[in-house]
Amino acid sequence: MDLTGYFGVPWSIKKMRPLAVVQRYIGFNWNLETRTVTLPPEKLSKTLLALDKWLTPNDTFSVGDAASLHGKLVHISP
C-alpha cells in the first residue's frame, strides 16, 4: 500500500479484506481455488426483486428505469 500510495493510487482501508480463498471484487465472489465466479446472494435477491417489479401488470416505467435494469442485467450476464 505504501508503494502505490507513493504514486498517488488511493486505498480505502475500510474496503480492505484479508487474503482468503474467496474474494469479493466488482460485486462478484471470486473463488481462487476452484476458479469460479458467483453472484452473492444479496445481489441476486436485489436483481430478482427489480425484475419482479417489471412483471406487475399495468405498471409503467421510465426510460431511466429501463436503463437501470438493463445495466444490472448486463453486469451479471456471462
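A brief report on the enclosed structure follows. (Residues numbered from 1 in each chain as written. Predicted model: local features only at pLDDT ≥ 70, side-chain atom pairs only at ≥ 80, totals over all residues. Heavy atoms only, no water.)

Further remarks concern the packing of helix 2 (residues 41-54) against helix 3 (residues 63-76). Viewed as axis vectors pointing N to C, helix 2 and helix 3 meet at an angle of 140 degrees, and their least axial separation amounts to 11 Å. Comparing their axes, helix 3 and helix 2 come out oblique. The handedness of the crossing between helix 2 and helix 3 comes out as left-handed. Here Lys 43, Thr 47, Ala 50, Leu 51 and Trp 54 of helix 2 come into contact with helix 3, specifically with Asp 65, Ala 66, Leu 69, Leu 73, His 75 and Ile 76. Its residues placed into classes, the contact of helix 2 with helix 3 shows seven nonpolar, two polar and two charged. (Axes fitted to C-alpha atoms, helices over the stretch in contact; angles between N-to-C directions. Helix = DSSP H or I, 4+ residues; strand = E, 2+ residues; numbered from the N terminus. Parallel < 35°, antiparallel > 145°, perpendicular 65-115°, else oblique. Left-handed = near helix turned anticlockwise from the far one by under 90°. Contact = heavy atoms within 4.5 Å. Nonpolar A, V, L, I, M, F, W, Y, C, P; charged D, E, K, R; others polar.)

Now for the packing of aromatic side chains. As enumerated under the stated definition, the model contains two aromatic pairs in all. A ring pair is formed by Trp 54 and Phe 61, whose centres lie 4.0 Å apart and whose planes are at 10 degrees; its orientation type is stacked. The positively charged end of Lys 43 is found above the aromatic ring belonging to Phe 28, 5.3 Å away from the centroid. (Phe/Tyr/Trp six-rings, centres within 6.5 Å; stacked < 30°, edge-to-face > 60°. Lys NZ or Arg CZ within 6 Å of the ring centre and 35° of its normal.)

Glancing now at the sheet that holds strand 2 (residues 28-31). Spatial strand order, 1-2-3: three strands in an open sheet with antiparallel pairing. At either margin of the open sheet sits one strand with a lone partner, and together these are strand 1 (22-25) and strand 3 (36-38). If you compare each strand with its neighbour and ignore which way they point, the axes differ by 30 degrees on average. Two elements, strand 1 and strand 2, share four bridges in a ladder whose sense is antiparallel. Within strand 2, the position partnered with Tyr 25 by the bridge is Phe 28. (Pairing = 2+ DSSP bridges.)

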